[in-house]
Amino acid sequence: MRDSIRNEIYFNRCIDESKIVSEKLVIMLKRIGDDQEKEKRIKNALAREKYNLIKAKYSRGDSIDEVYQLYKSFLGDMSFFWDERTSIFYMYDMMALTVLFDEGKDAINMLNNLVLGCKRNDGLTEFYTKYVNDNLVCMEGKISYGNPYERLKDIINSEDKVDKLKEYVKRFWYKEHRQAFWYNTHNLSTNCYYGYWSFESGAIAKILKLDDYELKDMKYYPYDLVHYKEERDGIIQ
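Presented here is an overview of the structure given in this document. (Residues numbered from 1 in each chain as written. Predicted model: local features only at pLDDT ≥ 70, side-chain atom pairs only at ≥ 80, totals over all residues. Heavy atoms only, no water.)

## Examining the overall build of the protein chain
Operational definition: We count a stretch as a helix when DSSP gives it H or I for four or more residues in a row; a strand needs E for two or more, and each element gets its number in order from the N terminus. Radius of gyration means the value over C-alpha atoms here, while the globule rule gives 2.2 Å times the residue count to the 0.38 power. Throughout, exposure labels follow a simple rule: accessible area from a 1.4 Å probe, protein chains only, divided by the maximum for the residue type, with under 20% read as buried, over 50% as exposed, and the rest as partly exposed. Pairs of residues are marked as contacts when any of their non-hydrogen atoms sit within 4.5 Å. Accessibility throughout is a Shrake-Rupley quantity obtained with a 1.4 Å probe, and a residue counts as covered only by protein chains that appear here.
In terms of regular secondary structure, the protein chain is built from 11 helices and 0 strands. Reading the secondary structure of the protein chain in the N-to-C direction produces α-α-α-α-α-α-α-α-α-α-α. Rg of the C-alpha trace for the protein chain: 18 Å, near the compact-globule value of 18 Å for 237 residues, within the 12% margin. Principal axes of the C-alpha set define a box for the protein chain whose edges measure 60 × 45 × 40 Å. Expressed as a percentage of the 237 residues in the protein chain, the buried residues total 51%. Of all intrachain contacts in the protein chain linking residues separated by at least 6 positions in sequence, the fraction that spans at least 24 positions is 65%. When the accessible surface of the protein chain is split by element, carbon and sulfur atoms take 46% of a total near 12100 Å².

## Section: the packing of aromatic side chains
Quick reminder of the rule: Stacked, tilted and edge-to-face are the three classes applied to pairs of Phe, Tyr and Trp rings, where Trp contributes its six-membered ring and a pair requires centres within 6.5 Å; stacked means planes under 30 degrees apart, edge-to-face means over 60, and tilted covers the rest. For a Lys NZ or an Arg CZ to count as sitting over a ring, it must be within 6 Å of the ring centre and within 35 degrees of the ring normal.
A complete count under the given rule lists 31 aromatic pairs for this structure. Aromatic pair Phe89 and Tyr145: ring centres 4.8 Å apart, planes at 65 degrees, arrangement edge-to-face. With a gap of 56 residues between them, Phe89 in helix 4 (residues 88–100) and Tyr145 in the loop between helix 6 (123–134) and helix 7 (152–157) connect regions that are remote in the sequence. For the pair Phe89 and Tyr149, a centre-to-centre distance of 6.4 Å together with 35 degrees between the ring planes defines the contact as tilted. Of this pair, Phe89 sits in helix 4 while Tyr149 sits in the loop between helix 6 and helix 7, placing them 60 residues apart in sequence. Per residue, the accessibility class of Phe89 equals that of Tyr149, and both read buried. Above the face of the Phe80 ring, Lys43 is positioned so that its terminal group lies 5.8 Å from the ring centre. Against the face of Trp182 rests Lys55, its NZ or CZ located 5.7 Å from the ring centre.

## Remarks on the packing of helix 4 against helix 9 (residues 199–207)
Operational definition: For helices, the axis comes from a line fit to the C-alpha atoms of the stretch in contact; other axes are also lines fit to C-alpha atoms, and the angle between any two N-to-C directions lies between 0 and 180 degrees. Note on convention: near helix rotated counterclockwise from far helix by under a right angle means a left-handed crossing. Clockwise means right-handed. Classification convention: Asp, Glu, Lys, Arg as charged; Ala, Val, Leu, Ile, Met, Phe, Trp, Tyr, Cys, Pro as nonpolar; all other residues, Gly among them, as polar.
The contact between helix 4 and helix 9 brings their axes to 8 Å, and the two run at 35 degrees. When the axes of helix 4 and helix 9 are compared, the crossing they make is left-handed. Here Asp93, Ala96, Leu97, Val99 and Leu100 of helix 4 lie close against helix 9, whose contacting residues are Phe199, Glu200, Gly202, Ala203, Lys206 and Ile207. Of the residues assigned to the contact of helix 4 with helix 9, the class counts are 7 nonpolar, 1 polar and 3 charged.

## So, the packing of helix 4 against helix 5 (residues 105–117)
Applied cut-off: Should an angle lie under 35 degrees it is considered roughly parallel, over 145 roughly antiparallel, and from 65 to 115 roughly perpendicular; all remaining angles are considered oblique.
Relative orientation of the contacting elements helix 4 and helix 5 amounts to 160 degrees, with a least axis distance of 10 Å. Relative to helix 5, the element helix 4 is oriented roughly antiparallel. In terms of crossing hand, the pair formed by helix 4 and helix 5 is left-handed. The residues of helix 5 that touch helix 4, namely those facing Met91, Met94, Met95 and Thr98, are Ala107, Ile108, Leu111, Asn112, Leu114 and Val115. Grouping the constituent residues of the contact of helix 4 with helix 5 by class yields 8 nonpolar, 2 polar and no charged.

## As for the side chain of Asp83
When you line up the elements, Asp83 lands in the loop between helix 3 (64–81) and helix 4. Filtering out sequence-adjacent residues up to four positions away, Asp83 remains in contact with Cys118 and Arg120.

## So, unusual backbone geometry
A cis amide bond links Asn147 to the next residue, Pro148, at an omega of 10 degrees. You can see Pro148 is positioned in the loop between helix 6 and helix 7. Even without being glycine, Asp102 reaches a positive phi, approximately 50 degrees. The partly exposed category is assigned to Asp102, whose relative accessible area is 41%. Phi at Asn184 is positive, roughly 70 degrees, even though this residue is not glycine. By the element assignment, Asn184 lies in the loop between helix 8 (161–172) and helix 9.

Next up, the structure:
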């Protein structure tokens, strides 16, 4: 288990229900014929289930390799999933995961092109894109959601980056997401809580090459995702 809010039984049920929903959607997809609008809605719902499973399986403690495969599958769905109405959190998370998994320029540029196509690029999406493409570490411009993400600029520019990152995760990250669609879902009776994870915190730590051991057991911080690639490559070598 990585999540400290709900237990394994909860996530087992949550993941099982998500799989059942996905199976039903696949059956519906085979039966719709030439209704393109309905096809788009079903594929969109299927993609959202994959995103939920990324977080739920990570929360449950599944292997990072499994989480990576779900990320890859959802990445392939982004071109029809993302549009001008989609929550920016999906893009923030996918760009952060692209950094954490070292997926490279093709992936980040595909995501960035989707953002540009909807004219929804901001300081954070540009930050990730510039880093992956040009190894530039510079966050400028307004960030769509505002805080807590605007606080990332203070981390990047601070001399005490680790302390600032700890403060960001501990004091600001959750409470400044009050308007997010997923906020407080752990208190709902339905199985719609998949875990609260600050993927951007991990991406920042990786980009800045921080010694983040002090954050290892901190709620919301995806420590093993930050170190997944280096540990995997170490094993391979």
